[in-house]
Amino acid sequence: MIKNYKNLLDQKLSVNSYLWAHNLDPYDFLDTIKISGIKNVGLHNDFIKNVGLVKLKSYLTENKISVTSINSIGYFTDKLAFNDYKLTLEYAKILNPDVICVISGGLKGGPLKLRDNSILNQKFIDPYIIRKKSTDKLKFFFKETHKYQVRLGIEPIGPWEIITKGHFNDIASCLKLIKNTDHKLIIDLYHSFVDINLENFIKKSKYLGLLQFSNIKFDINSRPIGRKKISFPSEKNDLNIAKYLNYVFERQDNTKIEFEIFPNDLQGNDPKKIIMNLKDNILKLFI
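Residues numbered from 1 in each chain as written. Predicted model: local features only at pLDDT ≥ 70, side-chain atom pairs only at ≥ 80, totals over all residues. Heavy atoms only, no water.

(A) Inspection of the packing of helix α4 (residues 53-62) against helix α6 (residues 85-95) at higher detail. Two elements in contact, α4 and α6, have axes whose closest approach is 10 Å; the angle formed by their N-to-C orientations is 30°. On the basis of the axis angle, α4 is roughly parallel to α6. For α4 against α6, the interelement crossing comes out right-handed. Residues L53, L56, K57 and L60 of α4 lie in contact with α6, whose contacting residues are E90, Y91, I94 and L95. The class makeup of the residues in the contact of α4 with α6 is six nonpolar, no polar and two charged. (Axes fitted to C-alpha atoms, helices over the stretch in contact; angles between N-to-C directions. Helix = DSSP H or I, 4+ residues; strand = E, 2+ residues; numbered from the N terminus. Parallel < 35°, antiparallel > 145°, perpendicular 65-115°, else oblique. Left-handed = near helix turned anticlockwise from the far one by under 90°. Contact = heavy atoms within 4.5 Å. Nonpolar A, V, L, I, M, F, W, Y, C, P; charged D, E, K, R; others polar.)

(B) Seen up close, the sheet that holds strand β3 (residues 66-74). With respect to topology, eight strands assemble into a closed barrel ordered β1-β2-β3-β4-β5-β6-β7-β10, the strand pairing being parallel. Adjacent strand axes in the sheet meet at a mean angle of 30° when their direction is disregarded. Examined bridge by bridge, strand β2 (residues 40-44) and β3 share five bridges and lie parallel to one another. Across the sheet, the residue bridging to L43 is I70, located in β3. Along the sheet, helix α12 (residues 271-285) contacts β1 (13-16), β7 (208-213) and β10 (257-259); its crossing angle with β1, the most-contacted strand, is approximately 145°. (Pairing = 2+ DSSP bridges.)

(C) Fine view of the packing of aromatic side chains. Scanning the entire structure with this criterion turns up 20 aromatic pairs. Relative to F286, the ring of Y5 has its centre 4.0 Å away and its plane inclined at 20°; by these criteria the two rings are stacked. Of the two residues, Y5 sits in helix α1 (residues 5-12) while F286 sits in the segment after α12, which places them 281 residues apart along the sequence. Relative to Y247, the ring of Y244 has its centre 6.2 Å away and its plane inclined at 85°; by these criteria the two rings are edge-to-face. Of this pair, Y244 and Y247 are both found in helix α11 (residues 241-249), three residues apart, which corresponds to roughly one turn of the helix. Each of the two residues, Y244 as well as Y247, counts as buried. (Phe/Tyr/Trp six-rings, centres within 6.5 Å; stacked < 30°, edge-to-face > 60°. Buried < 20%, exposed > 50% of the residue type's maximum accessible area, 1.4 Å probe, protein only.)

(D) Fine view of the pairing of strand β9 (residues 224-228). With respect to burial, β9 is a largely interior element, four of its five residues being buried. One ladder, built from four bridges, connects strand β8 (residues 215-218) with β9; its direction is antiparallel. Paired with N215 across the bridge in β9 is K228. Counting the residues in the hairpin turn of β8 and β9 gives five residues, including S222, whose phi is positive at 65°.

(E) Layout of helix α7 (residues 127-148). For α7, spanning 22 residues, the distance from its first C-alpha to its last is 31 Å, which sits close to the expected 32 Å at 1.5 Å a residue. Residues I130, S134, L138, F141, F142, E144, T145 and Y148 constitute the buried set of α7. Buried residues in α7 make contact with β3, α5 (79-82), α6, β5 (152-154) and α8 (171-177). One side-chain oxygen of the residue at the start of α7 lies 3.1 Å from the amide nitrogen of Y128, identifying that residue as D126. Downstream of α7 by one or two residues, Q149 has phi in the positive range, about 55°. (Expected span 1.5 Å × (residues − 1). Polar contact = N/O pair within 3.5 Å; in protein donor to acceptor, adjacent residues only side chain to side chain.)

Limitation: the analysis is restricted to geometry and does not speak to function.
Here it is, written out as structure tokens:
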């Protein structure tokens, strides 16, 4: 059976608000999504705050735009960042995302902007002990999310960012965290493109909550350092994006695909044009 990729993209494509810089009008992002015929968005906390929860809910409902993810909670290694979770759960209760993104936090602190500076004074790093403590905090999250009737999406973080961003780094270890729960994993190709379980997981696992995608920037030593827009024709070292998206399209469920890059990845590109051209650039990959 020949796939109708345009219809599949119309149903499943989402764009994360992270690409929209803080100084830009958030409604311009929402209007660009609407004009582009994209029916799903991923949202981050600052963006929701800038628009206002009630106004944002009204806009999304009026324009029949669904929420694929809200980003993020977790940061288990930074006490101050960890305690910010309640506001995100309140957002999720109203906006009803497919998943709430959980970032585990680096071995030396939670988010990239470390708030609990005492962590930097640790003389030794013991990943085993840190992961054990984080697992206990995640179990606490399970109880909290049950109260709000929302679902988590734990994101494995590329091992090259274990110090600064995340200390659960592969699909297998994250799967163990959600065993016997209704929670899911968010698979970000930037973080998981080297994971030995990637393809089989995307194809078959009932625990896939969302696939985030972009192309990847590498440094002169071929280490991943950031994200790129979808290009046609493909550039050197680009991922085979079409292959991974096709795995999602072949699933018999409603799993979405979410394009995620950040303002520092844009390299002078206009975020509005990236969104407007996104569907066409993806469709060209399947030619």
